[in-house]
Amino acid sequence: MADYQEAPLATRPKTLDPNEYFNVSTDQRRVEQSRAALRAELKRQYQTQLNNPHRKELIEDPALTRWVYARANPYTYFRPTFKTSLLGAMFGVVPLFALYFIFKTDRDRKEAQIKAGTLERKFSLSS
Amino acid sequence: MRTCQSVRQQQPVNMAGVGFRRWAVALSKGKGPGISGLLSGCRAASGVTKDSGLGPYPKTPEERAAAAKKYNMTVEDYEPYPDNGEGYGDYPKLPERSQHERDPWYQWDHPDLRRNWGEPMHWHFDAYIRNRVDTSPSPVSWSSMCKQLFGFLGFMLFMFYVGEKMPAYQAVAPKQYPYNDLYLERGGDPEKQPEEVKHYEI
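Here's a quick rundown of the structure.

Conventions and cut-offs
- Residues numbered from 1 in each chain as written.
- Chains lettered and ligands numbered in written order.
- Predicted model: local features only at pLDDT ≥ 70, side-chain atom pairs only at ≥ 80, totals over all residues.
- Heavy atoms only, no water.
- Helix = DSSP H or I, 4+ residues; strand = E, 2+ residues; numbered from the N terminus.
- Buried < 20%, exposed > 50% of the residue type's maximum accessible area, 1.4 Å probe, protein only.
- Contact = heavy atoms within 4.5 Å.
- Buried area = accessible area lost by both parts, 1.4 Å probe.
- Salt bridge = Lys/Arg side-chain N within 4 Å of Asp/Glu carboxyl O.
- Polar contact = N/O pair within 3.5 Å; in protein donor to acceptor, adjacent residues only side chain to side chain.
- Nonpolar A, V, L, I, M, F, W, Y, C, P; charged D, E, K, R; others polar.
- Arc of directions from axis to C-beta.
- Phe/Tyr/Trp six-rings, centres within 6.5 Å; stacked < 30°, edge-to-face > 60°.
- Lys NZ or Arg CZ within 6 Å of the ring centre and 35° of its normal.

1. Notes on unusual backbone geometry
Residue and element names in this part refer to chain B.
- A positive phi angle, near 55 degrees, is found at D181, a position not held by glycine.
- Tracing the backbone shows D181 in helix α5 (residues 178–182).
- What makes D181 partly exposed here is its relative accessible area of 27%.
- Of note in the backbone geometry, L182 takes a positive phi value of approximately 55 degrees without being a glycine.

2. So, the interface of chain B and chain A
- Listed as interface residues are 40 residues of chain B and, on the opposing side, 34 residues of chain A.
- Here chain B and chain A share an interface that buries about 3200 Å² over both sides, 60% of which is from carbon and sulfur atoms.
- Seen at the junction of chain B and chain A, the total is six salt bridges.
- In this structure, D109 of chain B engages K43 of chain A in a salt bridge whose closest nitrogen and oxygen atoms are separated by 3.0 Å.
- Counting across the chain B and chain A interface gives 16 residue pairs in polar contact (both at pLDDT 80 or more).
- Partitioned by chemical class, the residues of the side of chain B that touches chain A number 13 nonpolar, 17 polar and ten charged.

3. Details of the pattern of salt bridges
- By the definition in use, this model includes 15 salt bridges over all chains.
- Overlapping salt bridges, with partners in common, bring together E32 and R35 of chain A together with D77 of chain B in one network.

4. Brief notes about helix α2 (residues 62–72) of chain A
- The complete set of buried residues in α2 of chain A reads A63, R66, W67 and A70 of chain A. The arc enclosing the buried residues of α2 of chain A, seen along the axis, measures out at 100 degrees, which places them on a common side.
- Where α2 of chain A is buried, its residues meet α3 (61–70) of chain B.
- The backbone nitrogen of A63 of chain A lies 3.1 Å from a side-chain oxygen of the residue at the head of α2 of chain A, namely D61 of chain A.

5. Topic: the packing of aromatic side chains
- For the coordinates displayed, the defined rule picks out eleven aromatic pairs over all chains.
- Taking 6.1 Å as the distance between ring centres and 70 degrees as the angle between the ring planes, the aromatic pair formed by Y75 of chain A and F78 of chain A counts as edge-to-face.
- Take F78 of chain A: its relative accessible area is 37%, and that puts it in the partly exposed class.
- Taking the centre distance of 5.4 Å and the plane angle of 70 degrees together, the rings of Y71 of chain B and Y91 of chain B count as edge-to-face. Taken together, the residues Y71 of chain B in the loop between α3 and α4 (142–165) and Y91 of chain B in the loop between α3 and α4 connect sequence positions 20 residues apart.
- A relative accessible area of 3% means that Y71 of chain B is categorised as buried.
- Each residue in the set Y71, Y78, Y81, Y88, Y91 and W123 of chain B is aromatic and connected to the rest through ring pairs, giving one cluster.
- Cation over ring: K175 of chain B sits above Y177 of chain B, and NZ or CZ is 5.8 Å from the ring centre.

If you want it as structure tokens, here you go:
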């Protein structure tokens, strides 16, 4: 296993990462333990609710609720800075005016050509 | 379960008027989520409570610890998005890895999403599900892939453009018809002798 090479389209799984087993300081072990404790607590809560024979309703996931709430309310903590104003202008304001001008000039030019009789009316489907 | 605001002391006032005024004030302030909050001045205890939703960017270590606890993460792992005014608040910044990269053999609580219950979700979780964006390592580096694709497309576009400007085709000549350029078929006088049309040279 020492010369394990992961498949081209996969990342190395955590259990095969040599840093998990060698050169692990006590601090890292402590952090890993607290992470495992959190995960175990969540598992316990979920399994208790899942295997409760009297449960009739869906198991509500607070992480999901928080995620949905966060994604639905970005304007609570929105602040107009340089970057956000620039992005807003680039995506909201500039296309409006730019497209108007592009279409208007193109169509005016075509109209002038038609009036002058110089428009080349080909039979191709694309123009 | 409904929890109303504090009870007023006994006063000989028009209760309907007081209630209406309080409701109007609460309506304008927009307290509480949903219709239940607007209509009655009290709010329901379901849904996101004030502390469990998105909070402001944590500035002090205590705020960071509280936010990490809220999101079920260790304090070392918890890293909020930088405070740019982009609306993230205190939501944690998780590594940009799609669900494709998670262990397919582990017994996840939600196997199709490869996620356990209660695990903090990435801000762009809906983009990283297994039907969508895949951040797995590719066989060739990104720059190499870009160069190959755009190089090929650019080359083809360039060659087609050159072909439009400088067309190259087989030499052609006007069509040659027999019988003196079809003299009789074209309505020529049968009595008269047509002029000889020769399409060859010896």
